[in-house]
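Read off the chains here:
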Amino acid sequence: MRNNAMVTNDMVGGKSWFGWLFNRTTTKRPSSIGLLTPLQEQRIQKLKDRLNVPFDEARPDHQEALKALWHASFPETELTNLVSEQWKDMGWQEDEEAFDILYCIAFELMDAQWLAMGASYMQFKDVLEATKIQLERELSLEDVRRIRDLPAYNLLYR
């Protein structure tokens, strides 16, 4: 868990950190992680490709991803509808534009967490938890008065 905390603390660093992450050769990883298998490389490439796809509420796969996010965050509570007051339990705001942007930030942060953690699909729940912790941390910052003040907001414009 300590490594996850270190990773999430680094998530809001400068763009140069992200540049290193996404512009390195695909066969090299930080020495603490080691080399990846071809399957892992393929999965990382799939995640990189996802970073370029904006959230689209009309896409069934995006809707399913939101449902998965809800279920991982609140496994005991059924989501009644994708457009629901329940999202406020996760810290989403009522303003629809801010709500949409926060969705985008959450997905970008989750993808960045996934890559930074070098996680496999079996660690999806760990990635969601790290993402949730990071979003909660950012939303609780005293100087955050609007969505654009979130440190992770910069993930949308790299």
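Criteria and cut-off values
- Residues numbered from 1 in each chain as written.
- Predicted model: local features only at pLDDT ≥ 70, side-chain atom pairs only at ≥ 80, totals over all residues.
- Heavy atoms only, no water.
- Salt bridge = Lys/Arg side-chain N within 4 Å of Asp/Glu carboxyl O.
- Buried < 20%, exposed > 50% of the residue type's maximum accessible area, 1.4 Å probe, protein only.
- Helix = DSSP H or I, 4+ residues; strand = E, 2+ residues; numbered from the N terminus.
- 1 Å grid on protein atoms, 1.4 Å probe; cavity = no way out; pocket = protein on both sides within 12 Å on 5 of 7 lines; lining within 4 Å.
- Points joined across faces, edges and corners; volume = space filled by probe spheres on them.
- Nonpolar A, V, L, I, M, F, W, Y, C, P; charged D, E, K, R; others polar.
- Core = buried A, V, L, I, M, F, W, Y, C linked by side-chain atoms within 4.5 Å.
- Contact = heavy atoms within 4.5 Å.

Working definition: two side chains of opposite charge can pair if their charged atoms are close together. Taken as a whole and assessed by the stated rule, the structure comprises three salt bridges. One salt bridge connects Arg59 with Asp61, and the closest N-O pair in it is separated by 2.6 Å. With a relative accessible area of 32%, Arg59 lands in the partly exposed category. Lys67 serves as the salt-bridge partner of Glu64, at 3.4 Å between the closest nitrogen and oxygen. Taken together, the positions of Glu64 and Lys67, both in helix H4 (residues 60-73) and three residues apart, correspond to about one turn of that helix.

Once that is clear, we can look at the layout of surface pockets. Looking at the largest pocket, its volume works out to about 490 Å³. Along its surface, the largest pocket is lined by 23 residues, and Arg50, Val53, Phe55, His62 and Phe107 are the ones closest to its centre. At the level of elements, helix H3 (38-51), H4, helix H5 (96-117) and helix H6 (124-139) are the ones that each hand at least two residues to the lining of the largest pocket. In the lining of the largest pocket, the residues fall into 15 nonpolar, two polar and six charged.

A few words on the nonpolar core. One finds Leu66, Trp87 and Val127 to be the most contacted residues of the largest nonpolar core, which totals 22 residues. Put simply, the parts of the chain that give this core at least two residues each are H3, H4, H5 and H6. It is H5 that contributes the most residues to this core, seven residues altogether. Excluding residues within four positions of it along the chain, Leu66 makes contact with Phe55, Leu82, Trp87, Tyr103 and Phe107. Counting residues in each nonpolar core, the second largest holds twelve residues, with Leu102, Ala106, Ile147 and Leu150 among its members.

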